[in-house]
Structure formats: structure tokens, C-alpha cells
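# Breakdown of the fold
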Amino acid sequence: MPVTHPPLVLASTSPTRRELLGRLGLPFEVHAPQVDETALPDEAPTALALRLARAKAEAAAAQFPGHLIIGSDQVAVVGGRVLGKPGDRARAAEQLTLSSGQVMVFQTAVCLLSSITGEVAMRLVPFDVELRRLSSADIEHYLDREQPFGCAGSLRSEGLGVTLCRRMSGDDPTALLGLPLIALCELLRDQGLALP
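Summarised in this report is the structure supplied together with it. (Residues numbered from 1 in each chain as written. Predicted model: local features only at pLDDT ≥ 70, side-chain atom pairs only at ≥ 80, totals over all residues. Heavy atoms only, no water.)

With that out of the way, let us pick up the overall build of the protein. When its secondary structure is counted, the protein shows six helices and seven strands. Across the protein, helices and strands are ordered from the amino to the carboxyl terminus as β-α-β-α-β-β-α-β-β-α-β-α-α. Here the protein has a C-alpha radius of gyration of 17 Å; the compact-globule value for 196 residues is 16 Å, and the two agree. Considered along the principal axes of its C-alpha atoms, the protein spans approximately 55 × 35 × 25 Å. (Helix = DSSP H or I, 4+ residues; strand = E, 2+ residues; numbered from the N terminus. Rg over C-alpha atoms; globule rule 2.2 N^0.38 Å.)

Here it is, written out as C-alpha cells:
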């Protein structure tokens with residue numbers, strides 16, 4: 001069956017986002033956006049997630065005219081403090097120690113940009129994760145096995161991170177993984193794509 005919609009581009013280097021988008025059964029290309037993910041002074045976590053999702057999509061627009069471009073970003077928040085990607089073991093241990101027994105709120109933004117019309121549509125999907133009380137041994141064992149240094153808040157819930165959790169709640173479990181498919185499907189349908 002021929003493609004009757006503009007081609008899709010996922011502006012992300014995340015293998016998890018690539019796998020999630022692949023679930024929809026639509027052909028797409030992948031582009032690695034070059035975006036500075038540093039928060040602006042006094043920027044709210046929700047504003048940060050939305051800004052970065054849009055910036056990632058916009059970073060691909062010039063190279064992909066005539067496409068629908070998907071950008072997404074996720075910010076983890078504990079007690080009003082933004083926890084980004086730790087980058088290394090020491091910061092990951094610090095994040096998990098801070099989050100022990102707390103509720104982490106993952107704010108996941110998705111942006112769909114048409115490089116044909118310039119139209120931008122966005123959604124923000126929160127997801128709550130309450131961590132159980134974690135011992136130093138719990139954290140060290142998890143970090144040894146999972147190495148979640150590229151995950152917001154150091155929580156790789158699709159892997160062993162689930163063992164750290166007490167409960168999870170939200171409208172879309174794929175939002176926790178980094179690409180809220182329910183919201184994305186809505187945005188794609190608005191652009192005329194037929195999805196089951």
C-alpha cells in the first residue's frame with residue numbers, strides 16, 4: 001500500500017523512542033537533532049519539556065522539507081527539582097538517593113511540526129512514579145545492572161527501574177518511556193494520517 005501522507009521524521013537519537021514509534025507501523029526516518037538541553041533561568045519543568053520537544057523538531061525542519069517531524073523531550077521532577085539525564089554514575093546515584101520514597105513526575109512533551117506548512121502542534125503528558133525507599137545497596141545494584149546514565153531521573157522503567165517502583169499512574173504508559181503515543185496518534189490523525 002503506497003504512503004499517502006507526508007513522510008515522517010523522528011528527531012531523536014533515543015532507541016526507545018525509535019522502538020515506540022515503530023509500534024505504529026508507519027515508515028519513518030530518524031534524524032539526530034543538535035539541541036542544547038540546558039534549562040533557561042527560572043524555566044518551569046513543563047515549559048522546558050515543551051521547548052526542547054519543539055526545538056528538536058525545528059532542528060530537523062530545514063533538512064526535511066515536505067515532512068512531518070516528531071520531536072519529544074522528557075523532564076523528571078522531584079519536589080520541584082528537575083532531574084535531567086545524569087550522564088554518569090555519581091550523578092545517577094545522587095538522583096536516586098534524592099528520589100528514594102518520593103514521587104517523580106515525568107513531564108513528556110511531543111511536538112509534530114509540518115515542514116510543509118510550518119504548523120506546530122504539541123502535547124504535554126505527565127506520568128507519576130512513586131519510588132520505594134531505596135537502600136544504598138539497592139541503588140548500587142541497579143546502577144551496576146542497568147547503567148541508566150542517559151535516562152531522565154536515572155529511571156529506566158522499561159528495564160530494571162521497575163524494581164525500584166512502588167506505584168505508577170498516568171494516562172499513557174508510553175509517556176513514561178519517552179514518546180506519548182496516545183497524544184502522538186491524535187496529532188497524526190489531525191494531519192490526516194489513517195491509524196487503526
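Quick look at the nonpolar core now. If you look at the biggest cluster of nonpolar residues, it comprises 21 residues, and the most contacted ones within it are L24, I70, L179, L184 and L188. Take this core: its biggest share by element is six residues, from helix α6 (residues 181–190). Sequence-distant contacts of L179, that is, excluding residues within four places in its chain, are made with R17, L20, L21, I70, S72, T108, V110, T174 and L184. Counting 20 residues, the second-largest nonpolar core is a separate cluster that includes L96, M104, L131 and L176. (Core = buried A, V, L, I, M, F, W, Y, C linked by side-chain atoms within 4.5 Å. Buried < 20%, exposed > 50% of the residue type's maximum accessible area, 1.4 Å probe, protein only. Contact = heavy atoms within 4.5 Å.)

Another point: the packing of helix α3 (residues 89–99) against helix α4 (residues 136–146). Where α3 contacts α4, the axes come no closer than 10 Å and their chain directions differ by 135°. In this view, α3 runs oblique relative to α4, as classed from their interaxial angle. Where α3 crosses over α4, the handedness of that crossing is right-handed. Only I139, E140, Y142, L143 and D144 of α4 make contact with α3, whose side of the interface consists of R89, A92, A93, L96 and T97. (Axes fitted to C-alpha atoms, helices over the stretch in contact; angles between N-to-C directions. Parallel < 35°, antiparallel > 145°, perpendicular 65-115°, else oblique. Left-handed = near helix turned anticlockwise from the far one by under 90°.)

A positive phi is found at Q147, a non-glycine position, where the angle reads about 50°. One can find Q147 in the loop between α4 and β7 (165–170). Positive phi, close to 65°, is recorded for S154, a residue that is not glycine. The exposure class assigned to S154 is buried, which follows from its relative accessible area of 0%.

Next up on the list: the layout of surface pockets. Estimates place the volume of the largest pocket at around 480 Å³. For the largest pocket, the lining is made up of 24 residues, of which S14, R17, K85, G150 and C151 are closest to its centre. At the level of elements, α1 (15–22), β3 (68–78) and α5 (173–177) are the ones that each hand at least two residues to the lining of the largest pocket. Per element, the largest residue contribution to the lining of the largest pocket is three residues, and it comes from α1. For the lining of the largest pocket, the per-class residue count stands at nine nonpolar, eight polar and seven charged. (1 Å grid on protein atoms, 1.4 Å probe; cavity = no way out; pocket = protein on both sides within 12 Å on 5 of 7 lines; lining within 4 Å. Points joined across faces, edges and corners; volume = space filled by probe spheres on them. Nonpolar A, V, L, I, M, F, W, Y, C, P; charged D, E, K, R; others polar.)

Because side chains alternate across strand β1 (residues 8–11), one face comprises the buried residues L8 and L10, and the other comprises V9 and A11, equally buried. By the bridge criterion, four bridges tie β1 to strand β2 (residues 28–31) in an arrangement that is parallel. Paired with L10 across the two strands is V30, which belongs to β2. Note on the crossover from β1 through α1 to β2: the handedness is right-handed. (Pairing = 2+ DSSP bridges. Right-handed = clockwise from strand over helix to strand, strands pointing away.)

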